[in-house]
Amino acid sequence: MSEAAFINSENTLPRHVAIIMDGNGRWAQQKNKPRHSGHKAGVEATRNIIQECARRGIEALTIFAFSSENWKRPKSEVNLLMELFLTALQRELSKLHKNNVRIRFIGNTSSFPEKLQKKISHASDQTAGNTGLNLTIAAGYGGRWDIVESVRAIVDEVKAGKIDPNDITEESISAHICLSGIPEPDLFIRTGGEKRISNFLLWQLVYTELYFTDILWPDFDVSAFDQALNAFSVRQRRFGRTAEQIETKLNNGRL
Ligand code: FPP
C-alpha cells in the first residue's frame with residue numbers, strides 16, 4: 001500500500017467507492033407505487049452517480065446490482081430486474097464508452113438470461129481498453145462466493161504444481177479474488193438505513209471506511225454523494241497504526 005493512501009488529508013477524494021444501493025422498494029412503497037418503479041428510479045440514481053464519479057476523477061466505482069441472495073426474491077421481481085439491467089446497458093453503453101468508462105462485471109451470471117449475458121460480455125469487451133473510471137457491476141455476486149472461487153483457483157495452481165502450499169499468503173488470495181488489480185475500496189456507502197455489509201466485498205473491505213445513510217437509493221443524488229465524500233474526507237485512516245503515528249506522519253511527511 002502506498003504511503004499516500006494512509007491519510008485522507010493527503011488525498012481527500014477516495015480512489016475507489018463501493019456502494020450497496022438499497023431502498024428502491026421502500027421508495028416506491030412510500031409513494032404508493034409498485035416496486036418496479038422504485039427500481040426504475042434506482043437506475044436513474046445509478047446513472048447520475050456514475051457520471052459524478054467520472055466527473056470528479058474517482059478511479060473506481062463498484063456497485064452491488066444483484067446479490068447471490070437476490071435470487072430468493074419473487075420470480076416476477078427477478079425477471080423485472082434482469083430486464084432493467086438489459087435495458088440500462090443497451091441505453092447507456094455507448095455513452096459510457098464515449099466517456100472512457102471501463103465496465104467490468106463480477107459474480108456468477110451463468111443463470112442470467114442469455115441475452116443479458118451476451119450484453120455483459122459485449123460491454124466488458126467493448127470498454128476493455130478504456131482508461132477512465134473503472135466501473136464494476138457486482139451481479140450474481142456474493143463475498144463468500146468470491147473467497148471460495150479464489151481458494152479454488154489457488155488449489156488448482158497447487159495441484160498443477162505452480163505454487164507450493166507454504167507460499168500461500170494474503171497476497172495470493174488478493175491476487176485471485178474479484179477486483180484484484182484495482183485499489184481496495186476506500187469508501188463504502190450503503191443507502192436505505194440498514195447497517196450491514198450483506199455479503200458484499202468481504203475480503204476487500206477490511207480497511208474501507210464505512211458510511212451508512214437513511215436516504216433511499218432513488219433519492220441518493222449528487223448532494224447526498226457530496227455528504228458521503230465530505231464525511232470520508234475527515235476520517236482518519238490508521239490501517240492498524242496509532243493516531244500518534246499518523247499525526248507524526250502528517251507533520252513530518254513520513255512514518
Ligand atoms: C435495492 O432495493 C436494490 C437492488 C435489489 C438492486 C437493483 C438496483 C438497481 C435497479 C439500480 C440500478 C443498477 C444498475 C446496474 C443499472 P431493494 O429492492 O432492496 O429496496 P428495499 O430494501 O426498500 O426493498
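Just so you know, these numbers come straight off a predicted model, no measurement behind them.

1. Remarks on the overall build of the chain
Part 1 of the argument: Across its full length, the chain holds 8 helices and 6 strands.
Part 2 of the argument: Shown N-terminal to C-terminal, the secondary structure of the chain runs as helices and strands in the order β-α-α-β-α-β-α-β-α-α-β-β-α-α.
Part 3 of the argument: In terms of overall dimensions, the chain is globule-like: its C-alpha atoms have a radius of gyration of 19 Å, near the 18 Å expected for 255 residues.
Part 4 of the argument: Over its C-alpha atoms, taken along the principal directions, the chain stretches across nearly 55 × 50 × 35 Å.
Part 5 of the argument: Taking the intrachain contacts of the chain between residues at least 6 apart in sequence as the baseline, contacts between residues at least 24 apart amount to 75%.
Part 6 of the argument: A distance of 7 Å separates the average location of the 33 positive side-chain charges in the chain from that of its 30 negative side-chain charges.

2. Focus: the confidence of the model for the chain
Part 1 of the argument: On average, residues of the chain score 93 in pLDDT, and 94% of them reach the 70 mark or higher.
Part 2 of the argument: Here residues 1-7 is a poorly scored stretch, pLDDT under 50, and it has 19 contacts once near neighbours within four places are set aside; other chains count.

3. Some words on the sheet that holds strand β1 (residues 16-20)
Part 1 of the argument: Read across the open sheet, the 6 strands follow the order β3-β4-β2-β1-β5-β6; overall the sheet is parallel. Bordering the open sheet on either side are β3 (102-106) and β6 (209-212), each of which pairs with just one other strand. Strand-to-strand, the axes of this sheet are offset by a mean angle of 20°, without reference to chain direction.
Part 2 of the argument: Pairing between β1 and strand β2 (residues 60-67): 5 bridges, direction parallel. Residue pairing in the sheet places His16 in a bridge with Ala60 of β2.
Part 3 of the argument: Along the sheet, helix α7 (residues 222-233) contacts β1, β5 (187-190) and β6; its crossing angle with β5, the most-contacted strand, is approximately 140°.

4. Looking at the site of the ligand
Part 1 of the argument: Looking at the ligand, there are 15 residues lining it, with Asp22, Arg26, Arg35, Ala65 and Arg73 nearest.
Part 2 of the argument: Gly25 is positioned such that a nitrogen or oxygen atom in its backbone is 3.0 Å from an oxygen atom of the ligand.
Part 3 of the argument: Contact distances for the ligand include 2.8 Å between an oxygen atom and a side-chain N or O atom of Arg35.
Part 4 of the argument: The protein chains hide 89% of the 620 Å² of surface that the ligand would expose on its own.
Part 5 of the argument: Listing elements by their share of the shell around the ligand, those giving two or more residues are α1 (24-30), α2 (35-56) and α3 (75-98).
Part 6 of the argument: Sort the elements by how many residues they give to the shell around the ligand and α2 lands first, with 5 residues.

5. Things to note about unusual backbone geometry
Part 1 of the argument: For Ser198, which is not glycine, the phi dihedral falls at a positive 45°.
Part 2 of the argument: With respect to the helices and strands, the residue Ser198 is situated in the loop between β5 and β6.
Part 3 of the argument: Its relative accessible area of 30% is what places Ser198 among the partly exposed residues.
Part 4 of the argument: Backbone geometry at Asn199 places phi at a positive 60°, although glycine is not the residue there.
Part 5 of the argument: Within the element layout of this structure, Asn199 appears in the loop between β5 and β6.
Part 6 of the argument: Classification of Asn199 as buried rests on a relative accessible area of 17%.

6. Brief notes about the nonpolar core
Part 1 of the argument: Judged by nonpolar contacts, the single largest core of 40 residues is most densely connected at Val17, Ile19, Leu61, Ile103, Leu135, Ile189 and Phe225.
Part 2 of the argument: Per-element accounting of this core gives the leading share, 7 residues, to α3.
Part 3 of the argument: What Leu61 contacts, discounting residues up to four positions off in sequence, is His16, Val17, Ile19, Ile50, Cys53, Leu133, Asn134, Leu135 and Thr136.
Part 4 of the argument: Residues Ala60, Phe64, Ile106 and Ala138 belong to the second largest nonpolar core, which totals 14 residues.

7. Side note on the state of the cysteines
Part 1 of the argument: Tallied over the entire structure, the rule returns 0 disulfides.
Part 2 of the argument: We note that Cys53 lacks a disulfide partner, and the nearest cysteine sulfur, in Cys178, lies 20 Å from it.

8. Digging into the pattern of salt bridges
Part 1 of the argument: Counting across every chain of the model gives 18 salt bridges.
Part 2 of the argument: Here Asp22 makes a salt bridge to Arg26, at a shortest N to O gap of 3.4 Å.
Part 3 of the argument: Among the residues examined, Arg26 registers a relative accessible area of 29% and is labelled partly exposed.
Part 4 of the argument: Residues Arg91 and Glu92 are paired through a salt bridge, measuring 2.9 Å at the closest nitrogen-oxygen approach.
Part 5 of the argument: Classification of Arg91 as partly exposed rests on a relative accessible area of 45%.

Conventions adopted
Residues numbered from 1 in each chain as written. Predicted model: local features only at pLDDT ≥ 70, side-chain atom pairs only at ≥ 80, totals over all residues. Heavy atoms only, no water. Helix = DSSP H or I, 4+ residues; strand = E, 2+ residues; numbered from the N terminus. Rg over C-alpha atoms; globule rule 2.2 N^0.38 Å. Contact = heavy atoms within 4.5 Å. Lys, Arg positive; Asp, Glu negative; His and termini not counted. Charge placed at Lys NZ, Arg CZ, Asp CG, Glu CD. pLDDT = per-residue confidence, 0-100. Pairing = 2+ DSSP bridges. Axes fitted to C-alpha atoms, helices over the stretch in contact; angles between N-to-C directions. Near = heavy atom within 4 Å. Polar contact = N/O pair within 3.5 Å; in protein donor to acceptor, adjacent residues only side chain to side chain. Areas by Shrake-Rupley, 256 points an atom, 1.4 Å probe, with all protein chains shown as cover. Buried < 20%, exposed > 50% of the residue type's maximum accessible area, 1.4 Å probe, protein only. Core = buried A, V, L, I, M, F, W, Y, C linked by side-chain atoms within 4.5 Å. Disulfide = S-S within 2.5 Å. Salt bridge = Lys/Arg side-chain N within 4 Å of Asp/Glu carboxyl O.

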